[in-house]
Amino acid sequence: MWRRTLWVLLPALMLAALVGWWLAAKQGLNSNILATLPQSQQSILLRNADEHFSAQFAERVLVSVTGLQATAAHDALKRRFSELGWLNSDAQGVDIQMLLRFYSRYRSVVLNEELENALGDANAVSRAVFGKLSQPSNPFVSGSFEQDPSLNTAGFVEQRVQAWSPFKTDGQRLYQTDDQDQRHYFLVLSVSHEQQQMGGAKAFYDSLQQHLQALQKTYPEVQYHYSGIALHTAENALQAEYEMNLFGGLSLLGVILVLWWAFGSLRPLMVTAIVILYSGLAGIVATLLVFQQAHVLSLVFGITLIGIAIDYSVHRLTHSNAKPNEVNAVARSITLGFVTTALGYSLFAFSPIGVLSQVAVFVVAGLAAAWLLALIVVPWWLMDRPVTVSPTWLSGARWWCRHLVAWQPKMLMVTLLLTGLSAVWLGFSPLNFNDHIRLLNGSSQQLLENEALHHRLLGGDKTQRFMVQGQTLEMLLETEEQVADWVAAQEDNAEIQRISNWLPSLVRQRQQQQKINRAQQDGDFAQVEELLGVRLDWPEQNWLSSEAVQSSPLKDVLETKVYQSPDGVVSWISISNLRSDQQQMLLTQFPDSLVLYDKAAQLTQLMEHFRQQLLLTLAGVLLAATAVLAFSLGLKPALKGALVMGLSIIMAWEGTAMLVGSLSLFNVLSAMLIIALAVDYLVFYVRQGASEKNLVAITLSLVSSLLVFGVLAFSNTPAISAFGLTAALGLVFLYALSPMVMKGRDET
Amino acid sequence: MFVRFLFLLLGSLIMVSGVYAESSAMSSALGWKWPALQQGRFVQSKSFANLPKPFTTRGYFLRQPGEFIWQTQQPVSQRMEIRDQRLFVEQGDGELVEQPLGASQVGLLEAMITADFLQLEAYFQLEIMPGEKCVELTPIDKELSDVVQQATLCGEHHLERIVLEHQEQMRTTIDLEWTALEAGES
């Protein structure tokens, strides 16, 4: 027995090591969710730009302090974070003195809006210049007057610096005020690449909280808030770790107890675990062989494999000491179940979403492995010492058999009644789907509230980001300017942040030069020159190029805002105070060069797309399974089976919606698990009828699946919880309804 | 760096409450008293190395609870207001627009005018000039001196003149006349 166990176990371990090496060394696991989008929806250039920009947001963590003694607390915290090297140097702003010197060289080709609007009217020009010069202490004026007495440079840099930062400053501190006019002082932190990963993020979060708790002891009146992607990573990692330990431990303990109770031995547990392990490995290997890279989503969707592998194992285990004809009958039922389920999952290969094709390969290969193990390896493994079902379970099954046989004639009526009630309920309360990406987020309420507060304080609720693309930087700058002109014409209050504010296109620079030349010829600056006693000097054709910006204090700004590659150039712009209908009009106006840049919305859209595709595939799987069952078992049991499957799923969804409020992609995924197990339950009820061992196997399959999947209903992550809840409800309904397909007394 | 340090100075000064620090030793030594009227006229003169003559502006100022107004009347009309520590500057169309970065600039002026030496001591070495009713403010921080090398506040019975010395021979001189404003000036 032990020798055979080693023969089974060793290849599994070796294969697991090989797969692990493959995934690590050849980067065989792809976790980029946007990569699953069809190419037409997300071009490679935009996707790469998205990654470039997202990386910047991922490294930022915001901490804000408010309340009594907030400034002192802020300063103390700033000193501490500075010592730790956590402060983001970019957030302190670019060196404005250097900026003024840099832009004063290009004063003929970059105009500030106030002066530009005044050109053509000498009085307005005087007012613009003297108004600025009259201000008692304007650092932009004193910093550039020597080089540019027209103060065009001072106005240009001042306008852009003021519009650039989402923060206000009191000199030493960045802050924003809330609705109650209370100041929240901000510190912008940078987290390293390691600190963005799960382990590093947890350590960083822990350290951050310790510092903030220490701060609270010194300044008890202050309130602090923190937000950032790394903190979500940390909280989710901690949550996942906790849940994996808790739920994993509970599931394992439950399955051990149940199998031990049912068989009086732990060998069935080992058999089941090995079948699951081989199935998973076969799925991954097949996916890697076909696609060279497995997407993490295909593994998530492939979770249903666990339920089926458990099912095949327990059917084989309950019949391990049965007569040869019984064993053959069970083997044929498992084979039919395998063919039906595999055919259903094969439909995933026809989905336009690449990751669902991977799911098809993953699950079908995994099923094949589970089927082969159940039919060949498990009997060989247990040949010497077959396991036997405990008398308690057998007597329980006998009692259940008697009742099933008695109830069976009435079950069709009950099922039809339930179908009617369910349909009426659907009429009153239609199923509502919500696929928001936050379902994947198991972060604490506190962190979500902090995030919302910072978003609101920094004007995020009024701002929308877009990506602009062009073949060259010059084309991109021109497009940005066209977008800005369109926005300005639509909405007076709209504000737009764009790189072309700092680096105007050459076309725009030529226009500005012409305006300045004309104004100079027309004497627009005569009053200014007379009163100041200086002659204004406007350089000719000194164009501001991207190369010049690359070697200026704006180098980092350019790199932050613009992604350049041989395929093209992409920048991101943000527009505030534009209504959603105006945003839509804007996108329609620039269909080839402008896309909405909203990661959450993009991922939500993707989830919705997945869900719709999965619903269609689910319908296809249901039809295919019914067709195969009709071919192999007959039309009547197949139709009854389709009714059972459909009703179990619908009632599970209705129950989930009633408890949670809405459904998502993950509830549809649960339905796939329900169908996969339903096929087995139906095949075994039709083929084996109300036999004791059959009932023991189906009950064990249900209990194990509930312990593995149902326990997930208690997860803090909405997506996992939704999956677990629907799976649990659906499996219980399935267990209750599926005996309906058994042949009646008159049919047998 | 220039602006950062200026903000460092100005930002601190804007926090000045506006309470005239009669209790401070410096005010007592100078014999300054808080004028009955918290309003008056100013003449501001800016000297730049590249200007043959200073650029002079005239107007009035007014302090009210929670508000400070600095109205330039000549050579152009321009109004600046600080309300609740926020700066609003009049634009070409007459509209007052908030300047998020500029509050500390005008805050400097308000702080100087209130002559709150208790606050100023945190950033400057204060020294009464021998034989004159003036106090010289020298930045303690070297980096601060890159922004304002020296400030001088002078007056017989109360503050009458502020002189700010900047780098590169730049100088701002503000003469204050504490007097009642005419009707309509507020």
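Residues numbered from 1 in each chain as written. Chains lettered and ligands numbered in written order. Predicted model: local features only at pLDDT ≥ 70, side-chain atom pairs only at ≥ 80, totals over all residues.

## Topic: the overall build of chain B
Here comes step 1: Scanning chain B from terminus to terminus reveals five helices and eleven strands.
Here comes step 2: Residue burial in chain B is summarised as follows: out of 186 residues, 37% are buried.
Here comes step 3: A separation of at least 24 residues holds for 43% of the contacts in chain B among residues at least 6 apart in sequence. (Helix = DSSP H or I, 4+ residues; strand = E, 2+ residues; numbered from the N terminus. Buried ≥ 20, exposed ≤ 12 C-beta atoms within 10 Å, placed from the backbone. Contact = placed C-beta atoms within 7 Å.)

## Regarding the overall build of chain A
Here comes step 1: Counting its regular elements, chain A contains 29 helices and twelve strands.
Here comes step 2: Sorting the 748 residues of chain A into buried and exposed places 45% on the buried side.
Here comes step 3: The long-range share in chain A, meaning contacts at least 24 apart out of those at least 6 apart in sequence, stands at 81%.

## Quick word on the packing of helix H27 (residues 665-688) of chain A against helix H28 (residues 692-708) of chain A
Residues and elements named next belong to chain A.
Here comes step 1: Interaxial distance between H27 and H28 falls to 10 Å at its minimum, and their mutual angle equals 170°. With respect to each other, H27 and H28 are oriented roughly antiparallel. Packed against H27, whose contacting residues are Leu677, Tyr681, Phe684 and Gln688, the element H28 presents Asn694, Ile698, Ser701 and Ser705 at the interface.
Here comes step 2: In terms of residue class, the contact of H27 with H28 is built from four nonpolar, four polar and no charged. (Axes fitted to C-alpha atoms, helices over the stretch in contact; angles between N-to-C directions. Parallel < 35°, antiparallel > 145°, perpendicular 65-115°, else oblique. Nonpolar A, V, L, I, M, F, W, Y, C, P; charged D, E, K, R; others polar.)

## Some remarks on unusual backbone geometry
Here comes step 1: With an omega dihedral of 5°, the bond running from Gln74(B) to Pro75(B) counts as a cis peptide bond.
Here comes step 2: The residue Pro75(B) is located in the loop between strand S3 (67-74) and strand S4 (78-83) in this model.
Here comes step 3: The phi dihedral of Gln69(A) falls on the positive side, at around 65°, and the residue is not glycine.
Here comes step 4: Its location among the elements puts Gln69(A) in the loop between strand S2 (60-67) and helix H3 (70-84).
Here comes step 5: Positive phi values are uncommon outside glycine, yet Asn577(A) reaches one of about 60°.
Here comes step 6: Structurally, the position occupied by Asn577(A) is in the loop between strand S11 (568-576) and helix H24 (580-589).
Here comes step 7: Among the residues examined, Asn577(A) registers 16 C-beta atoms within 10 Å and is labelled partly exposed.

## Regarding the nonpolar core
Here comes step 1: Of all hydrophobic cores here, the largest spans 124 residues; its most connected members are Val275(A), Ala370(A), Ile674(A), Ile675(A), Ala678(A), Leu682(A) and Leu734(A).
Here comes step 2: No other element matches the 19 residues that H27(A) contributes to this core. (Core = buried A, V, L, I, M, F, W, Y, C linked by C-beta atoms within 7 Å.)

## Side note on H28(A)
In an α-helix there are 3.6 residues to a turn, and that puts residues three or four apart on one side.
Here comes step 1: In this model, H28(A) (17 residues) spans 24 Å end to end at C-alpha, consistent with the 24 Å of a helix rising 1.5 Å per residue.
Here comes step 2: Counted residue by residue, H28(A) has 15 buried out of 17 residues, so it is predominantly covered. (Expected span 1.5 Å × (residues − 1).)

## With respect to the sheet that holds strand S9 (residues 150-154) of chain B
Residues and elements named next belong to chain B.
Here comes step 1: Here eleven strands make up an open sheet; going across it, the order is S6-S5-S4-S3-S2-S1-S11-S10-S9-S8-S7 and the pairing antiparallel. A strand with exactly one partner marks an edge of an open sheet, and here the two such strands are strand S6 (96-98) and strand S7 (124-128). Direction aside, neighbouring strands of the sheet carry axes that sit 20° apart on average.
Here comes step 2: Note: S7 against strand S8 (residues 134-139), five bridges, orientation antiparallel. Bridging from a neighbouring strand, Glu127 pairs with Glu136 of S8. (Pairing = 2+ DSSP bridges.)

## Focus: the packing of helix H4 (residues 96-104) of chain A against helix H8 (residues 152-164) of chain A
Residue and element names in this part refer to chain A.
Here comes step 1: For the pair H4 and H8, the least separation of the axes is 9 Å and the interaxial angle reads 130°. Overall, the two elements H4 and H8 adopt an arrangement that is oblique. Once H4 is placed against H8, the crossing between them reads as right-handed. Only Thr153, Ala154, Phe156, Val157 and Val161 of H8 make contact with H4, whose side of the interface consists of Ile96, Leu99, Leu100, Tyr103 and Ser104.
Here comes step 2: Among the residues forming the contact of H4 with H8, the class breakdown is eight nonpolar, two polar and no charged. (Left-handed = near helix turned anticlockwise from the far one by under 90°.)

## Comments concerning the environment of Ser279(A)
Residues and elements named next belong to chain A.
Here comes step 1: Take Ser279: it is sitting in helix H12 (residues 267-291).
Here comes step 2: What makes Ser279 buried here is the crowd of 30 C-beta atoms within 10 Å.
Here comes step 3: Distance in space between the C-alpha atoms of Ser279 and Leu305 is 7.3 Å, their sequence separation being 26 residues.
Here comes step 4: When near neighbours in sequence (up to four residues on either side) are disregarded, Ser279 contacts Leu305, Ala309, Gly366, Ala369 and Ala370.

## As for the confidence of the model for chain A
Here comes step 1: The predicted model of chain A has a mean per-residue pLDDT of 85, with 93% of residues at 70 or higher.
Here comes step 2: Of all helices and strands in chain A, the one with the weakest mean pLDDT is strand S1 (residues 29-30) of chain A (64), whereas helix H19 (residues 473-490) of chain A scores best (95). (pLDDT = per-residue confidence, 0-100.)

## Description of the pairing of S9(B)
Here comes step 1: Alternating residues of S9(B) divide into Ala151(B) and Leu153(B), all buried, and Gln150(B), Thr152(B) and Cys154(B), none buried.
Here comes step 2: Counted between consecutive antiparallel strands, the loop separating S9(B) from strand S10 (residues 161-165) of chain B contains six residues.

## Structural notes on the pairing of S11(A)
Residue and element names in this part refer to chain A.
Here comes step 1: Of all nine residues in S11, seven are buried, a share of seventy percent or more.
Here comes step 2: In the sheet, strand S8 (residues 463-470) pairs with S11 via eight bridges, with the strands oriented antiparallel. What sits directly across from Gln469, in S11, is Val570.
Here comes step 3: Relative to S11, strand S9 (residues 495-497) runs antiparallel, the two sharing three bridges. Counted as the bridge partner of Gln497 is Ser574 from S11.
Here comes step 4: Bridge analysis of strand S10 (residues 562-565) against S11 gives four bridges, and the strand direction is antiparallel. The partner of Gln564 across the bridge, within S11, is Val569.
Here comes step 5: Taking the residues between adjacent antiparallel strands as the criterion, S10 and S11 are bridged by two residues.

## Things to note about the sheet that holds strand S5 (residues 183-190) of chain A
Residues and elements named next belong to chain A.
Here comes step 1: Here we have five strands laid out as an open sheet, ordered S3-S4-S5-S2-S6, and antiparallel in their pairing. Two strands lie at the open edges of the sheet, namely strand S3 (168-169) and strand S6 (222-228), each paired on one side alone.
Here comes step 2: Two elements, S2 and S5, share six bridges in a ladder whose sense is antiparallel. Bridge pairing links Val61 to Leu189 in S5.

## Side note on the confidence of the model for chain B
Here comes step 1: Predicted confidence across chain B gives a mean pLDDT of 74, with 71% of residues reaching 70 or more.
Here comes step 2: What the predictor reports for the complex is a pTM of 0.73 with an ipTM of 0.80.

## Digging into helix H26 (residues 635-660) of chain A
Here comes step 1: Relative to the 38 Å expected for 26 residues at 1.5 Å per residue, H26(A) spans 37 Å between its end C-alpha atoms, a close match to the ideal helical length.
Here comes step 2: Two residues or fewer past H26(A), Gly661(A) is found with a positive phi of approximately 115°.

## Overview of the environment of Trp260(A)
Residues and elements named next belong to chain A.
Here comes step 1: Structurally, the position occupied by Trp260 is in helix H11 (residues 229-263).
Here comes step 2: When the 15 C-beta atoms within 10 Å are taken as the criterion, Trp260 is described as partly exposed.
Here comes step 3: Placed 129 residues apart in sequence, Trp260 and Val389 show a C-alpha to C-alpha distance of 9.7 Å.
Here comes step 4: In contact with Trp260, other than residues within four places in its own chain, are Ser265 and Leu266.

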